[in-house]
Amino acid sequence: MAEEFTVIPLKFEENDVHCHQILVKENIAKGSSKQKPVGRTLYALNIPPYATKESLRQAFSAGGEVENVILQDKPSVNETTPVTTPLPGNLFQFKIAYIVFQDKNSVKKVLKKRMVNPLNANKTLLTGIDKWTKAYQERIPDPVAMQVEIDRYMKAYDKQVAAAKSQNHQKQESGWTTVSKKNSGVFSQKQSVVKKLEKKLDNDRNTKELKNFYTFQIRESKKNDIISLRKKYDRDLKKMERIKKTKRFKPY
């Protein structure tokens, strides 16, 4: 199995004396795959943790134009299965890579030359303090972008609340409540119930209108109230007299 792979040195920068070694071979699958087409895909092992898709694209461009780079934590069980789950960017471990070229001759060229470009040829691959600083800065949200997102959310929320109020207002005007799974516990108005309520309201209204309608009724009502107040006043006076009589001086 190991003899099928070609060992290729992978430098981080051009002036490096020591380099990393990766194992590369042509990806041969029994089934066809749109993501990893047969004849145009290289299968690479022992990809260092700090390597990115962009840096690998730059490195393998020594053989020709690279169409796509797929990073995975383990080989695909079925090459016909589409690659849908991206590899986490913070996964610090050795990976495998599928490098897809635009031309079939690029695969043979890389395997024949046994040489690729340095990973950091364009000085874009961050490591050490620079990488940690960038990761820390990316954790801090942009206040302008956050405000835009908050405004967008509040606008959608206000629109939703206004639509709900308008719908409730229409239901109140119609006098009917539509029963559904969401409002199954809400009282549903039936025609018979509505008629009973209207009749009761009419009776109460007529009773209030007829009460104290005539002048003599108003006069009699006021007279009765005055008599009741006088009786209560007399009872209160007698009660106070009894309390005064029973009150005794107790020095000790």
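Attention here is on the structure that accompanies the text. (Residues numbered from 1 in each chain as written. Predicted model: local features only at pLDDT ≥ 70, side-chain atom pairs only at ≥ 80, totals over all residues. Heavy atoms only, no water.)

Below, the discussion takes up the overall build of the chain. Within the chain, the regular secondary structure consists of 6 helices and 5 strands. Moving toward the C terminus, one meets the helices and strands of the chain in the order β-β-β-α-β-β-α-α-α-α-α. For the chain, with 252 residues in total, the buried portion stands at 21%. Put simply, of all contacts in the chain between residues at least 6 apart along the chain, 65% involve residues at least 24 apart. (Helix = DSSP H or I, 4+ residues; strand = E, 2+ residues; numbered from the N terminus. Buried < 20%, exposed > 50% of the residue type's maximum accessible area, 1.4 Å probe, protein only. Contact = heavy atoms within 4.5 Å.)

So, on to the packing of aromatic side chains. Applying the stated criterion to the full structure yields 3 aromatic pairs. Between the aromatic rings of Phe5 and Tyr43, the centroid separation amounts to 6.1 Å while the plane-to-plane angle is 50 degrees, which identifies the pairing as tilted. Taken as a pair, Phe5 in the segment before strand E1 (6–10) and Tyr43 in strand E3 (residues 41–47) lie far apart in primary sequence, 38 residues in all. Among the residues examined, Phe5 registers a relative accessible area of 14% and is labelled buried. (Phe/Tyr/Trp six-rings, centres within 6.5 Å; stacked < 30°, edge-to-face > 60°.)

Turning our attention to the pattern of salt bridges. Tallying each qualifying case throughout the model produces 3 salt bridges. A salt bridge links Glu4 to Lys25, with the nearest nitrogen and oxygen atoms 3.4 Å apart. Highlighted residues: Glu4 in the segment before E1 and Lys25 in strand E2 (residues 20–26), separated in sequence by 21 residues. According to the relative accessible area criterion, Lys25 is buried, its value standing at 18%. Of the charged contacts in the structure, one is a salt bridge between Arg40 and Glu67, with a shortest N-O distance of 3.1 Å. Of this pair, Arg40 sits in the loop between E2 and E3 while Glu67 sits in strand E4 (residues 66–72), and the two are 27 residues apart along the sequence. (Salt bridge = Lys/Arg side-chain N within 4 Å of Asp/Glu carboxyl O.)

This part takes up a nonpolar patch on the surface. There is a patch of nonpolar side chains on the surface, built from Met146, Ile150, Tyr153, Met154 and Tyr157 and spanning about 510 Å² of accessible area. Along the chain, Tyr157 turns up in helix H4 (residues 143–174). (Patch = residues over 30% accessible without salt bridge, like charges linked within 9 Å, V, L, I, M, F, W, Y side chains within 5 Å. Areas by Shrake-Rupley, 256 points an atom, 1.4 Å probe, with all protein chains shown as cover.)

Time to look at the nonpolar core. Membership of the largest hydrophobic core comes to 23 residues, with the highest contact counts inside it found for Leu42, Ile47, Leu56, Phe60, Ile99 and Phe101. Broken down by secondary-structure element, the contributors of at least two residues to this core are E1, E2, E3, helix H1 (53–60), E4, strand E5 (95–101) and helix H2 (104–113). Residues Phe5, Leu45, Ile70 and Tyr98 belong to the second largest nonpolar core, which totals 6 residues. (Core = buried A, V, L, I, M, F, W, Y, C linked by side-chain atoms within 4.5 Å.)

Before going further, it helps to spend a moment on the pairing of E1. What you see with E1 is a clean split: Thr6, Ile8 and Leu10 sit on the buried side and Val7 and Pro9 on the side with no burial. Sheet topology places E1 next to E2; 5 bridges connect them, and they run antiparallel. Directly across from Pro9, in E2, lies its bridge partner Gln21. (Pairing = 2+ DSSP bridges.)

Let us look at the sheet that holds E5. As summarised here, the arrangement of the 5 strands in space is E1-E2-E3-E5-E4, forming an open sheet in which the pairing is antiparallel. Each edge of the sheet is formed by a strand with only one pairing partner; in this case those strands are E1 and E4. Ignoring strand direction, the axes of neighbouring strands in this sheet form an average angle of 25 degrees. Along the sheet face, H1 touches E1, E2, E3, E4 and E5 and points at about 130 degrees away from the line of E4. (Axes fitted to C-alpha atoms, helices over the stretch in contact; angles between N-to-C directions.)

We now examine helix H3 (residues 128–139). Within an α-helix, residues lying three or four positions from one another point in the same direction, as the helix has 3.6 residues per turn. A rise of 1.5 Å per residue sets the reference length of H3, with its 12 residues, at 16 Å; its end C-alpha atoms lie 17 Å apart and thus fit the reference within 8%. Burial analysis of H3 places just 0 of its 12 residues in the buried class, a small minority of the element. (Expected span 1.5 Å × (residues − 1).)

Restricting attention to buried positions, one finds in H1 the residues Ser55, Leu56, Ala59 and Phe60. The buried residues of H1 all sit within an arc of 125 degrees when viewed along its axis, so they share a single face. (Arc of directions from axis to C-beta.)

This part takes up the pairing of E4. When you tally the buried positions in E4, you get 5 out of 7 residues, the bulk of the element. Bridge count between E4 and E5: 6 bridges; the pairing is antiparallel. When the sheet's bridge partners are listed, Ile70 is paired in E5 with Tyr98.

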